[in-house]
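Residues per chain, in single letters:
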Amino acid sequence: MTQAIDKARDCFIPTYRQPEFIIERGEGVYLFDDRGRRYIDAIAGIAVNSLGHNDEEMVRAVSAQASRVTHTSNLYWTAPAMELSERLVAATFAERVFFANSGAEANEAMLKAARRAHFDRGSKRFEFITAINSFHGRTMATVTLTGQPKYHQGFEPMLPGVSYVPYGDLEAMAAAMTPQTAAILVEPIQGEGGVVMPPEGYLAGLRQIADEHGCFLLFDEIQTGVGRTGKFLACDHDGVIPDGATLAKGLGNGMPIGAFLAGPALSACLVPGTHASTFGGNPVCCAAANVVLRRLMDKGLLEQVVETGKYFDQAMQPLIGAGRPANALRGRGLLRGLELKKDTPDLPVIARKHGLMIGMVAGGGVVRLAPPLTISKDEIDALVTALSAALKEAGDAASA
Ligand SMILES: Cc1ncc(COP(=O)(O)O)c(C=O)c1O
């Protein structure tokens, strides 16, 4: 297989550093490689595989839709997209939705809607304020709104009119407002930035600032949404209603889909001809998303995430505190960041030797854990055992 990987390395534009094995299949929270090794998938395609791998109901729904019709363009109605729009409107603050194929595209739609809504009111507001260490995507607009200079390098000039303020700092946000500010865009929990929780009252404070200055409040719920934190949207924990929010990742359980959820202020500005997406609302992807929504909202999975999230907290405690590898566990529900005492960027490589897949964020200082929402308590125990072993090996190697 090394030969096949070498060949692929020659063909791929090398934007990723894949390891020396091939993933062959998945089952629940487990992935299996071509060497027959099994891994607990504690990152789930980066918060994507909400129902885990090879979920029976998901496979049935996707196969059934694929055998009916796979694509029609948005010029026609299809039942899965219609059902999904109704489910999302029922589950959230949204009055209407726009379907995209990815997180970045959902954010693009939302940012365009914010500008367009001001334009419709005869205003020239075009500026956006975002947070330092945010992550909003890799397209030119969304990478500009990503408050991490390393992602801008070599791609300048960035979109004009974007400013950056420290996450959690309401005074800085208020001070950054100008008469041209169109919208504030933040993540209700910063994912890629290190699983950073907002301080108490931050989201409500942003709502107040946006209202006082006549701009829109936009939440990027691409990583935090679709039940990942124990509520359908993470902003639901605070009861704060934005003007727009975006979903992607967990929505399709691996089928590529994003959604822009528009509240009343943004739901009427994108009219025919103003915005579009060839694949957005693809019926196979929407059929997958309907299974996710049904399981979360109708079949008790959302409540289960609250329970397993609490269990996760307890189970991780032996890794935290004096004489142990971590300082704290951040995040909520099943979006967690284990804050390590020492940066360990190569921990994912060591963890794989212990049959565990994890992610690292914040320069290797935080282990990002976002397992399938269906993970059981026993599987959480197995995850913690493997992570402890990996951290011990990393610690032994560092002190050797
Ligand atoms: C909060 C957030 N926004 C946007 C994106 C971009 O999503 P995509 O990679 O689907 O374009 C990501 C991806 O990691 C994300 O975590």
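Residues numbered from 1 in each chain as written. Predicted model: local features only at pLDDT ≥ 70, side-chain atom pairs only at ≥ 80, totals over all residues. Heavy atoms only, no water.

Student: Provide a residue-level description of the sheet that holds strand β3 (residues 38-41), including the pertinent values.
Tutor: Sheet architecture is open: four strands sit in the order β1-β2-β3-β13, paired in mixed fashion. Strand pairing shows two members of the sheet lacking a second neighbour, β1 (23-27) and β13 (356-357), which therefore form its edges. Bridge analysis of β3 against β13 gives two bridges, and the strand direction is parallel. Bridge pairing in β13 places I40 opposite L356. (Pairing = 2+ DSSP bridges. Helix = DSSP H or I, 4+ residues; strand = E, 2+ residues; numbered from the N terminus.)

Student: Can you tell me about the domain arrangement of the chain, naming the residues and giving the values?
Tutor: In terms of domains, the chain is made up of domain 1 (2-54 + 301-399) and domain 2 (56-298). Centre-to-centre separation of domain 1 and domain 2, based on C-alpha positions: 26 Å. Facing the 30 residues of domain 1 at the interface are 31 residues of domain 2. Of the roughly 2400 Å² buried between domain 1 and domain 2 on both sides combined, carbon and sulfur atoms contribute 59%. Linking domain 1 to domain 2 there are one salt bridge. Here R368 ties to E192 by a salt bridge, and the two come within 3.9 Å at their closest N and O atoms. Looking at the side of domain 1 that touches domain 2, the elements that each hand over two or more residues are α2 (44-47), α10 (301-316), β11 (326-332), β12 (335-340) and β15 (366-369). For the side of domain 1 that touches domain 2, the element with the most residues is α10, which contributes five residues. (Domains from an automatic or database assignment. Contact = heavy atoms within 4.5 Å. Buried area = accessible area lost by both parts, 1.4 Å probe. Salt bridge = Lys/Arg side-chain N within 4 Å of Asp/Glu carboxyl O.)

Student: An account of unusual backbone geometry is needed here, citing residue identities and associated values.
Tutor: Trans peptide bonds make up most of the peptide bonds, and negative phi angles are found at most residues other than glycine. Of note, the bond from E156 into P157 is cis; its omega dihedral lies within 30 degrees of zero at 0°. Structurally, P157 can be placed in the loop between α6 (140-144) and β6 (162-165). Of note in this structure, I46 is not a glycine but carries a positive phi near 60°. One can find I46 in helix α2.

Student: Describe the sheet that holds strand β10 (residues 258-262), listing the residues and the values that go with them.
Tutor: Taken together, the seven strands give an open sheet; going across it, the order is β4-β10-β9-β8-β7-β5-β6, and neighbouring strands pair in mixed fashion. Every interior strand has two partners, whereas the edge strands, β4 (96-100) and β6, have only one. Looking at each pair of strands side by side, their axes are set apart by 20° on average, direction ignored. As judged from the four bridges shared by strand β5 (residues 127-131) and strand β7 (residues 181-186), these two strands associate in the parallel manner. Bridging from a neighbouring strand, F128 pairs with A183 of β7. Sheet contacts for helix α5 (residues 103-120): β4, β5, β7, β8 (216-220), β9 (244-247) and β10; angle to β8, the most-contacted strand, approximately 175°. (Axes fitted to C-alpha atoms, helices over the stretch in contact; angles between N-to-C directions.)

Student: With reference to specific residues and values, describe the nonpolar core.
Tutor: Residues L88, M173, M316, L338, L347, I358 and L387 are the most contacted members of the largest nonpolar core, which totals 84 residues. Residues lining this core come from more than one domain, with at least three contributed by each of domain 1 (2-54 + 301-399) and domain 2 (56-298). Not counting the four nearest positions on each side in its chain, I358 is found in contact with A42, I43, L347, P348, A351, V367, R368, L369 and L387. One finds A100, F128, V162 and L266 within the second-largest nonpolar core, a separate group that totals 22 residues. (Core = buried A, V, L, I, M, F, W, Y, C linked by side-chain atoms within 4.5 Å. Buried < 20%, exposed > 50% of the residue type's maximum accessible area, 1.4 Å probe, protein only.)

Student: Please set out the site of the ligand residue by residue, giving values where relevant.
Tutor: Near the ligand the following residues occur: S102, G103, A104, N107, F135, H136, G137, E187, D220, I222, Q223 and K249. Between the ligand and G103 there is a distance of 2.8 Å, counted from an oxygen atom to a backbone nitrogen or oxygen. Contact between the ligand and Q223: an oxygen atom at 2.8 Å from a side-chain N or O atom of the residue. In isolation the ligand has 390 Å² of accessible area, and contact with the protein removes 80% of it. (Near = heavy atom within 4 Å. Polar contact = N/O pair within 3.5 Å; in protein donor to acceptor, adjacent residues only side chain to side chain. Areas by Shrake-Rupley, 256 points an atom, 1.4 Å probe, with all protein chains shown as cover.)

Student: Just give me the short version of the side chain of N253, but keep the residues and values in it.
Tutor: Summarising the element assignment, N253 is placed in the loop between β9 and β10. A distance of 3.0 Å separates the side chain of N253 from the backbone nitrogen of S50, its partner in a polar contact.

Student: Please give an account of the packing of aromatic side chains that cites residues and values.
Tutor: Under the criterion given, the structure shown has three aromatic pairs. Here F135 and Y151 contribute two aromatic rings whose centre-to-centre distance is 5.6 Å and whose plane-to-plane angle is 80°, an arrangement assigned as edge-to-face. Of this pair, F135 sits in the loop between β5 and α6 while Y151 sits in the loop between α6 and β6, and the two are 16 residues apart along the sequence. Aromatic side chains Y167 and Y202 sit 5.3 Å apart centroid to centroid with 70° between the ring planes, which places their arrangement in the edge-to-face category. (Phe/Tyr/Trp six-rings, centres within 6.5 Å; stacked < 30°, edge-to-face > 60°.)

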